[in-house]
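Here is what each chain is made of, one letter per residue.
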Amino acid sequence: MEGMAGQKSSLVWAVNIAAFLLVLLWTIPTLGLLVSSFRDRDQILTSGWWQSFSAQEATGFVRTGTGDDAVQEDGQYVIEGTVLEEGQSLIGWGIRAREPAAFQPGETTEIEDGWQLTVAEDGSYRLTSDTPFEMRRGERIFVTTGAPARLTTENYNRVLTAEGLGRAFMNTMTVTIPATVIPILIAAFAAYALAWMEFPGRALLTAAVVGLLVVPLQVALIPLLRLHNELGIGKGYLGIWLAHTGFGLPLAIYLLRNYMVGLPREVIESARVDGATEFQIFRKIILPLSFPALASFAIFQFLWVWNDLLVATVFLGNTREQLVMTGVLRELMGSKGGEWEILATSAFISIAVPLIVFFAMQKYLVRGLLAGSVKGG
Amino acid sequence: MELFWLAIGTIVVGVFGCVAWFWGSNMILDRVYPPRGPNAGDNIRKANQIRPWLFLGPAILFLGVYLVYPIFDSLWRSMHNARGSEFVGLSNYAWHMGDGKFRESMRNNMLWLLVVPALSTLFGLIAAQLTDRLKWGNIGKSLIFMPMAISFVGAGVIWKFIYEYRAPGEEQIGLLNAIVQALGGDPQLWLTLIPWNNFFLMIVLVWIQTGFAMVILSAALRGIPEETIEAAILDGASPWQVFFKIKVPQIMGTIAVVWTTITIVVLKVFDIVFVMTNGQWGTQVLANLMYDWMFRGTPDYGRGSAIAIILMLLVTPIMIWNIVNARREVR
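Residues numbered from 1 in each chain as written. Chains lettered and ligands numbered in written order. Predicted model: local features only at pLDDT ≥ 70, side-chain atom pairs only at ≥ 80, totals over all residues.

1. Concerning the overall build of chain B
- Helix and strand counts for chain B come out as 14 helices and zero strands.
- Scanning chain B from its N terminus toward the C terminus, one meets helices and strands in the order α-α-α-α-α-α-α-α-α-α-α-α-α-α.
- Taken against the 2.2 N^0.38 rule, which gives 20 Å for 331 residues, the C-alpha radius of gyration of chain B at 27 Å runs more than 25% over that of a compact globule.
- If one aligns the C-alpha atoms of chain B with their principal axes, the spans along those axes are about 90 × 70 × 50 Å.
- In chain B, which comprises 331 residues, the proportion classed as buried is 43%. (Helix = DSSP H or I, 4+ residues; strand = E, 2+ residues; numbered from the N terminus. Rg over C-alpha atoms; globule rule 2.2 N^0.38 Å. Buried ≥ 20, exposed ≤ 12 C-beta atoms within 10 Å, placed from the backbone.)

Right, here's the structure in full:
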């Protein structure tokens, strides 16, 4: 493809466009949620989020005042008022429901027997007649209005205070942080033993860790729930921390062991020769050198625990005070399926933290994935 | 605030506890078998036999209690009745085989297994190849990778919004129906559209997993020796031929790894179905069915455990394959 200049540039174009479309396709769903979370209820329910940056066109009608509101001016009877609400602009108006935009702003039309109606661009109307008005209800003016694109942070206020998501946010934090920190420590020591200590059964244990990587969580739910009940842990934070620690350990040990095996042998050997104890070697050499692998696992575990619904539902209670954010979301989807502004905003709050972590520490995440999957590939 | 201190307290206690265990047990070991004095050599040897188990102790305890014991306990429970009081042999399994919901779940899980790993890997491969040489490729990759950080539940909300339905002729607020209507079609209730609703659920997982596949495959593509590609180009191979006949065969091993990893995710898929359809309209899957037996109405731990064990059996071939591969690498 290098030799054929014309063909090459068209190929480059095709690649650029195809890649762009793919990226767009993958980004749009999240973008829709983000935009929707800044729109109010009416906007979400009446138009698609992709229209929120263009002016919103709407039609409706307004009744003029009645004869009682008329004032006399130069021998004419006049009723004045406005057809617009705050922030709207007038696109067109009419006097029949079928033609809500029959007239341009500023035009004048005759309704019946000498009644003249003018609607100005600023929305003020003026209905005049040579004789007194005798009507019990006002005339209808049909209007086509445009409202400028409007985004609001109102949803966020409401969700964080009234809907209890603030509480759920704290719950999620409370579950996630210990459940991320504790397995790292336990795994680091185990990984060091598996990587650098000689003892019988080492290969078997390593294989067991690889095997346990894929055990479906479902297998553990019923036995552990019963075990926790029998031990008196019951449902609560302690139980969920222990559970997440247990479930996260295989990956932690696996990732860390693979990384530690690759550390230079000479450094460790020479420290041993110099009389350092294993504990000192671990703390002063292995741990600092393994930082990238520790970071990788920390991100995995953080994302996994934060995003988890199943373990939280089973090991934590399901009352309003105990729900984590995924639990709240799930409840909202069931009970308030139509309240998209609440749902979209809550969902965005719950995915905001993982997204920040993701973009900030992507390097370590990628490194961890590669260490786990393409060894030697 | 109370909660905050509880969390901080736990971290401190947990971390302190771990450090105390590792540091304390090592210190005691060094006291009992001091690595100096007349018996230094003998002591060091003895200490080195014990020390690995001190390092491994907590991990083995956790793995044992939280992963190994449950496998056997589930197996035991799956052969007992609802409350675990009576041995019933394989009758829970037999009952499931005749159950319509279980068959539906098995069928759907198989569909997921066919579709999701295939599409995720395919899109991942395309994305990896397309973004590889572009100036803005890394940004593009980040964006395709991003759904990986989003919870299945969050993704469920995102996609439910896309599938949202309004009666024909009305303003559509769901993207998919808006497109369908703009093209002159009738809007559909996608999530109740049997049997296609299964595919609309699968799309959510494909959307999440493609980034994973892309990252791994992209690294593999870069690892391909340049000479092989150059040689092919010199021989007059077209870009398509280079991709399919030179590059893809060389990364087959990695494709297999990606495929199996996604397969495991798919087997356990729960959240997406749970929050989007809850297994109604013919979309039930094994993990959600098990949840039903565990928590809906009167729990039946026997039948629930039987489904868990079936999931375990489905994962086992991949587990063995992984172990064999890992052992080969260790040597």
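Continuing now.
2. Section: the overall build of chain A
- When you go through chain A residue by residue, the secondary structure sums to 14 helices and eight strands.
- Computed over C-alpha atoms, the radius of gyration of chain A comes to 34 Å, more than 25% over the 21 Å expected from 2.2 N^0.38 for 377 residues, which places it beyond the range of a compact globule.
- In terms of overall dimensions, chain A has a C-alpha envelope of 115 × 75 × 35 Å along the principal axes.
- In chain A, which comprises 377 residues, the share counted as buried stands at 42%.

3. Side note on the interface of chain B and chain A
- In this complex, chain B contributes 97 residues to the contact, which on the side of chain A involves 93 residues.
- When residues in the side of chain B that touches chain A are grouped by element, the largest group, 18 residues, is from helix H2 (residues 40–78) of chain B.
- Tallied by class, residues from the side of chain B that touches chain A come to 69 nonpolar, 18 polar and ten charged. (Contact = placed C-beta atoms within 7 Å. Nonpolar A, V, L, I, M, F, W, Y, C, P; charged D, E, K, R; others polar.)

4. Things to note about the sheet that holds strand E2 (residues 71–73) of chain A
All names here are of chain A.
- The five strands lie next to each other as E2-E3-E7-E6-E5, forming an open sheet whose pairing is antiparallel. With one partner strand each, in any of the chains shown, E2 and strand E5 (108–110) form the two edges of the open sheet. With direction set aside, neighbouring strand axes in the sheet form an average angle of 30°. (Pairing = 2+ DSSP bridges. Axes fitted to C-alpha atoms, helices over the stretch in contact; angles between N-to-C directions.)

5. Some details on the packing of helix H4 (residues 100–131) of chain B against helix H8 (residues 197–222) of chain B
Residue and element names in this part refer to chain B.
- Where H4 meets H8, the axes come as close as 6 Å, and the angle between the chain directions of the two elements is 40°. The angle between the axes of H4 and H8 places the two elements in the oblique class. Crossing of H4 over H8 shows right-handed handedness.
- Each residue belonging to the contact of H4 with H8 can be placed in one class, and the counts come to 17 nonpolar, nine polar and no charged. (Parallel < 35°, antiparallel > 145°, perpendicular 65-115°, else oblique. Left-handed = near helix turned anticlockwise from the far one by under 90°.)

6. A short note on the pairing of strand E3 (residues 76–82) of chain A
Residue and element names in this part refer to chain A.
- Pairing geometry for E2 and E3, over three bridges, is antiparallel. Paired with Glu 73 across the strands is Gln 76, a residue of E3.
- Between E2 and E3, which pair antiparallel and follow one another directly, the connecting turn spans two residues, one of which, Asp 74, has a positive phi of 45°.

7. Here's the deal with the environment of B:Ile255
All names here are of chain B.
- Structurally, Ile 255 can be placed in helix H11 (residues 252–267).
- For Ile 255, a count of 20 C-beta atoms within 10 Å corresponds to the buried category.
- Ignoring anything within four residues of it in the chain, the contact list for Ile 255 reads Thr 121 and Leu 217.

8. Remarks on the domain arrangement of chain A
- Partitioning chain A into domains gives domain 1 (56–147) and domain 2 (157–373).
- The gap between the C-alpha centroids of domain 1 of chain A and domain 2 of chain A is 65 Å. (Domains from an automatic or database assignment.)

9. Looking at the domain arrangement of chain B
All names here are of chain B.
- Each assigned domain of chain B is listed here: domain 1 (2–78) and domain 2 (99–330).
- The C-alpha centroid of domain 2 is placed 39 Å from the C-alpha centroid of domain 1.
- Facing five residues of domain 1, the contacting portion of domain 2 comprises seven residues.
- For the side of domain 1 that touches domain 2, a count of residues per class yields two nonpolar, two polar and one charged.

10. Quick notes on unusual backbone geometry
All names here are of chain B.
- Residue Pro 195 follows Ile 194 across a cis peptide bond; omega there is -5°.
- Looking at where Pro 195 falls in the secondary structure, it is placed in the loop between helix H7 (175–182) and H8.
- Phi is positive for Asn 278, which is not a glycine, with a value near 55°.
- With respect to the helices, strands and loops of the structure, Asn 278 is situated in the loop between helix H12 (271–276) and helix H13 (286–295).
- Phi at Trp 281 takes a positive value of approximately 50°, unusual for a residue other than glycine.
- Tracing the chain through its elements places Trp 281 in the loop between H12 and H13.
- Judged by the 15 C-beta atoms lying within 10 Å of it, Trp 281 is partly exposed.

11. Description of the UniProt feature "transmembrane region" (unreviewed entry) in chain A
- The UniProt record marks residues 12–35, 175–196, 203–225, 237–256, 285–306 and 342–361 of chain A with the feature "transmembrane region" (unreviewed entry), using the residue numbering of this structure.
- End-to-end, the C-alpha atoms of residues 175–196 of chain A are 33 Å apart, and along that stretch the chain is 100% helix and 0% strand. (UniProt positions renumbered as here; feature names shortened; annotations may be inferred.)

12. What about the UniProt feature "transmembrane region" (unreviewed entry) in chain B?
- Under the feature "transmembrane region" (unreviewed entry), the UniProt entry names residues 6–24, 53–72, 110–131, 143–162, 199–221, 255–281 and 301–324 of chain B.
- Secondary structure within residues 53–72 of chain B divides into 100% helix and 0% strand; the distance between the first and last C-alpha atoms comes to 24 Å.

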